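Now for the letters of each chain:
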Amino acid sequence: MADPLRDRLLFGTGHPLEDAVHDVLVAAGATVTRLDAVYGTDSADLLAEYSGGRVLVEVKSANNRLPQSLPDKLLKYLNTWPALPGTEPVDGGILVVNYQTELPPAQRDTEVYTDRAFADALSLPVISSARLFDWWRREDWDAMRHAVFGDTGSAQPPETAMPDAEPKASRRPGLLSRLRR
């Protein structure tokens with residue numbers, strides 16, 4: 001029998017996918033708040049906190065490839081976050097995507113964005129829900145936390161935590177800008 005969390009991460013859309021992302025982040029030790037109930041469409045889907053780090057998490061899905069406009073939604077949420085009532089500053093944001101959902105996971109593109117120039121220009125991390133699933137099934141919590149929160153003080157080397165990370169990716173203050181796919 002297939003695990004429901006696996007199915008939601010690999011084939012889910014909408015709230016079931018958001019719930020699955022919530023669940024794996026909690027399993028990794030993060031405190032996660034669902035923001036839709038509090039702020040509606042004025043904010044990202046989730047607020048994840050771990051070891052003093054706070055990030056907005058936007059969760060999206062697409063039957064095919066993702067539009068290049070999706071990271072702009074997260075940037076908008078990061079820009080409007082300080083004006084929302086009762087919010088505390090965040091360290092950045094991450095876009096979690098489930099893409100090519102009509103294909104078996106093994107047949108999907110390995111990279112979320114296959115346009116290398118576009119992917120290299122992203123200022124925010126973008127990771128696939130399939131990557132989250134892989135970390136969850138291996139119980140590789142350090143890798144998951146590193147991908148979502150950046151350097152969490154773990155002794156795990158980056159090449160283990162994020163095997164496809166670009167070593168030349170730049171850091172920008174205030175944002176988790178290392179490209180994670």
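Residues numbered from 1 in each chain as written. Predicted model: local features only at pLDDT ≥ 70, side-chain atom pairs only at ≥ 80, totals over all residues. Heavy atoms only, no water.

With mixed pairing, five strands are arranged side by side in an open sheet as S1-S2-S3-S4-S5. Each having just a single partner strand, strand S1 (31-34) and strand S5 (126-128) make up the two edges of the open sheet. In this sheet, adjacent strand axes meet at a mean angle of 30° when their direction is disregarded. Pairing of S1 with strand S2 (residues 46-50), which is carried by four bridges, proceeds in the antiparallel orientation. Of the residues in S2, the one forming a bridge with Thr-31 is Glu-49. The sheet strands contacting helix H4 (residues 70-80) are strand S3 (53-62) and strand S4 (92-99), and the helix crosses S3 at an angle near 150°. Helix H6 (residues 129-138) rests against S4 and S5 of the sheet, and its axis sits at about 65° to S5. (Pairing = 2+ DSSP bridges. Helix = DSSP H or I, 4+ residues; strand = E, 2+ residues; numbered from the N terminus. Axes fitted to C-alpha atoms, helices over the stretch in contact; angles between N-to-C directions. Contact = heavy atoms within 4.5 Å.)

Looking now at the pairing of S4. With eight of its eight residues buried, S4 lies for the most part within the structure. Along S4, one buried face is formed by Gly-92, Ile-94, Val-96 and Asn-98 and the opposite face, lined by Gly-93, Leu-95, Val-97 and Tyr-99, is buried too. Examined bridge by bridge, S3 and S4 share eight bridges and lie parallel to one another. The residue of S4 that forms the bridge with Val-57 is Ile-94. Between the parallel elements S3 and S4, the chain passes through H4 in a crossover that is right-handed. Pairing between S4 and S5: three bridges, direction parallel. Paired with Val-96 across the strands is Ile-127, a residue of S5. With helix H5 (residues 116-121) bridging S4 and the parallel S5, this β-α-β connection has right-handed handedness. (Buried < 20%, exposed > 50% of the residue type's maximum accessible area, 1.4 Å probe, protein only. Right-handed = clockwise from strand over helix to strand, strands pointing away.)

Before going further, it helps to examine the environment of Arg-131. By the element assignment, Arg-131 lies in helix H6. Classification of Arg-131 by relative accessible area gives buried; the value is 18%. For Arg-131 and Leu-9, which are 122 residues apart along the polypeptide, the C-alpha to C-alpha distance reads 9.1 Å.

Attention now moves to the packing of aromatic side chains. What the rule picks out here adds up to four aromatic pairs. Ring centres 5.8 Å apart and planes at 75° place the aromatic pair Tyr-39 and Trp-81 in the edge-to-face group. Here Trp-81 lies in the loop between H4 and S4 and Tyr-39 lies in helix H3 (residues 36-39), a separation of 42 residues in the sequence. (Phe/Tyr/Trp six-rings, centres within 6.5 Å; stacked < 30°, edge-to-face > 60°.)

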